[in-house]
Amino acid sequence: PFNRLFVSLFTMVKRSAIGLMSGTSCDGLDLLHATFLKENNKWSFEINASLERPYSDSFREQLHKLHTLSTPDLLKMDVELGKLFADQCHSFIQDENLTTDLIASHGHTVYHQPDLGYTLQIGNPFLIAEKCRLPVYADFRSQDVALGGQGAPLVPIGDSLLFSEYDACINLGGFANISFEENSQRLAFDVCAVNLILNQLSQRLGHSYDLNGQLARNGRVIPELLEKLNALDYFKKVGPKSLGREWLDEYVLPHFEQGETADLLRTAVEHIAQQISFTQKKLNFKKVLFTGGGSFNTFLLERISSLTSLDIQLPNKQLITQKEALIFAFLGILKNLGETNVLSSVTGAKNDHSSGQLFLPSTV
């Protein structure tokens, strides 16, 4: 009995972390504190507190234009965003009376061109570390790109270790991405743009987003537009593959410049549902965990359900909106332990690795 207890204690790992996530939809900052437990080589988690801090309309507009800024202006935004992250994280810790081992920050993506060898997320981690007096892990993508990978998606390691009861996980965020098991390997890729299109079109009608998909529901599919969208070269590629804002601006949004907005929305919804349907038919998965803001779009889920045979699983609201923050907290824990947190089978890098840079507060 003593030996069994010793082995059990020896193999148990318990750590807590705060995850910060600012996604491509530019809706706001997600903060989440969780405790992660590893027993007998199996991970579990408990969410202790979470918070969503929406960005103001003016700040959201600034974030949407980051990729158009001059270098000095981009550096200013790196500092401004870093201060915002630091202040919000510090308040979160104080208000919730949290004790945590570390902070893991995704940052906010400005550029993502892995085929050209670069990716950039801003939100100065040194400012977070200094304000909160805690170690901060950030810049999770650059190492993977340097190893020949896409630097994305990064969430699949969490899907594999924390949500293995599902055949696949689909996140409907700025872009839709999917991860799944095939031949004992975790695979993943970005499927198509979602909220980056839907929200931008909704704003033409005076709405921040399309509540329950009602605006799209009142439109009609434009067949010619749907055909053009589905014919884009990206959809002919096999994974690993990933999408960035630059691709959206160059290849997708120009198709939405003319037409009735409700019809454009309806066509965008059909395009998203069809791309997920095409993906399911190729991969033949059934039970799927859906998360991300697009999971609240009732009409979009109706169209996905109509075009597929998926068993759509929706968790509670906290997990729908905060799953990526949860998994970035987990990535920080894995990096802290020196364990693999990026899978080459997902990103196409030359090997699995433990990614992320450590930023420490000053000791003076």
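Predicted model, so just to flag it, every value in this text is computed and none were measured. (Residues numbered from 1 in each chain as written. Predicted model: local features only at pLDDT ≥ 70, side-chain atom pairs only at ≥ 80, totals over all residues. Heavy atoms only, no water.)

Q: Looking at this model, I keep getting lost on the packing of helix α9 (residues 223–230) against helix α11 (residues 261–283). Mind explaining?
A: Angle between the axes and distance between the axes: these two values describe a pair of packed helices. α11 packs onto α9 with a crossing angle of 40° between their chain directions and a minimal axis gap of 10 Å. When the axis of α9 is compared with that of α11, the two are oblique. When you trace α9 past α11, the crossing you get is right-handed. Contacts from L225, L226, L229 and N230 of α9 reach α11 at L264, T267, E270, H271, Q274, Q275 and F278. Considering only residue class, the contact of α9 with α11 consists of five nonpolar, five polar and one charged. (Axes fitted to C-alpha atoms, helices over the stretch in contact; angles between N-to-C directions. Helix = DSSP H or I, 4+ residues; strand = E, 2+ residues; numbered from the N terminus. Parallel < 35°, antiparallel > 145°, perpendicular 65-115°, else oblique. Left-handed = near helix turned anticlockwise from the far one by under 90°. Contact = heavy atoms within 4.5 Å. Nonpolar A, V, L, I, M, F, W, Y, C, P; charged D, E, K, R; others polar.)

Q: Looking at this structure, how should I read α9?
A: Given 3.6 residues to a turn, an α-helix orients residues that are three or four positions apart in the same direction. Among all positions in α9, only L225, L226, L229 and N230 are buried. Down the axis, α9 shows its buried residues gathered within 130° of arc, on one side only. Exposed positions of α9 whose direction lies more than 90 degrees from the buried face are P223, E224 and E227. The elements touched by buried residues of α9 are α10 (245–252) and α11. (Buried < 20%, exposed > 50% of the residue type's maximum accessible area, 1.4 Å probe, protein only. Arc of directions from axis to C-beta.)

Q: I tried to follow the pairing of strand β5 (residues 108–113) on my own but got confused; where do I start?
A: On a regular strand, one side chain projects to one face of the sheet and the next to the other, so that they alternate. Pairing of β5 with strand β6 (residues 118–122) involves five bridges; the strand directions are antiparallel. Note that in β6 the partner of H112 across the bridge is T119. Hairpin geometry of β5 and β6 is characterised by an intervening segment of four residues between the two adjacent antiparallel strands and by a positive phi of about 90° at G117. (Pairing = 2+ DSSP bridges.)

Q: Could you clarify how one ought to interpret helix α4 (residues 125–132) in this entry?
A: Along α4, the residues that are buried comprise P125, I128, A129 and C132. The buried residues of α4 occupy an angular sector of 95° when projected down its axis, which confines them to one face. Against β1 (13–22), α3 (71–96), β4 (102–105), β7 (136–138) and β13 (357–359) lie the buried residues of α4. Two to three positions downstream of the cap, the backbone nitrogen of F126 sits 3.0 Å from a side-chain oxygen, assigning the N-cap of α4 to N124. Following α4 by one or two positions, R133 has its phi on the positive side, about 55°. (Polar contact = N/O pair within 3.5 Å; in protein donor to acceptor, adjacent residues only side chain to side chain.)

Q: Would you mind showing me how to read the nonpolar core here?
A: Soluble globular proteins: nonpolar side chains tend toward being buried together. In terms of nonpolar packing, the biggest core is built from 45 residues, with L172, W247, F256 and I304 touching the most fellow members. If you tally residues by element for this core, the top one is α11, at seven residues. The contacts of L172, once residues within four sequence positions are left out, are V194, N195, I276, F290, T291, G292, G293, G294, S295, L300, L301 and I304. Listed in part, the 33 residues of the second largest apolar core include W43, C169, L319 and L331. (Core = buried A, V, L, I, M, F, W, Y, C linked by side-chain atoms within 4.5 Å.)

Q: Hey, could you run me through the sheet that holds strand β11 (residues 287–291) in this one?
A: In a beta sheet, neighbouring strands are held together by backbone hydrogen bonds and run either parallel or antiparallel to one another. Spatially, the five strands line up as an open sheet ordered β10-β9-β8-β11-β12, and their pairing is mixed. Each edge of the open sheet is held by one strand with a lone partner, namely β10 (185–193) and β12 (311–313). On average, each strand axis in the sheet is tilted by 20° relative to the strand beside it, whichever way the strands run. Sheet topology places strand β8 (residues 168–172) next to β11; four bridges connect them, and they run parallel. Directly across from A168, in β11, lies its bridge partner V288. Along the sheet face, α11 touches β8, β9 (175–182) and β10 and points at about 155° away from the line of β10. Taken strand by strand, helix α13 (residues 317–337) contacts β8, β9 and β11, and its axis lies near 85° from that of β11.

Q: I tried to follow the packing of aromatic side chains on my own but got confused; where do I start?
A: Where two aromatic rings form a pair, the distance of their centres and the angle of their planes describe that pair. One pass over the full model with this rule turns up eleven aromatic pairs. The interplanar angle of 65° and the centroid separation of 5.7 Å between the aromatic rings of F140 and F328 together place this pair among those described as edge-to-face. Note that F140 is positioned in the loop between β7 and α5 (142–146) and F328 in helix α13, a separation of 188 residues in sequence. Judged by its relative accessible area of 3%, F140 is buried. (Phe/Tyr/Trp six-rings, centres within 6.5 Å; stacked < 30°, edge-to-face > 60°.)

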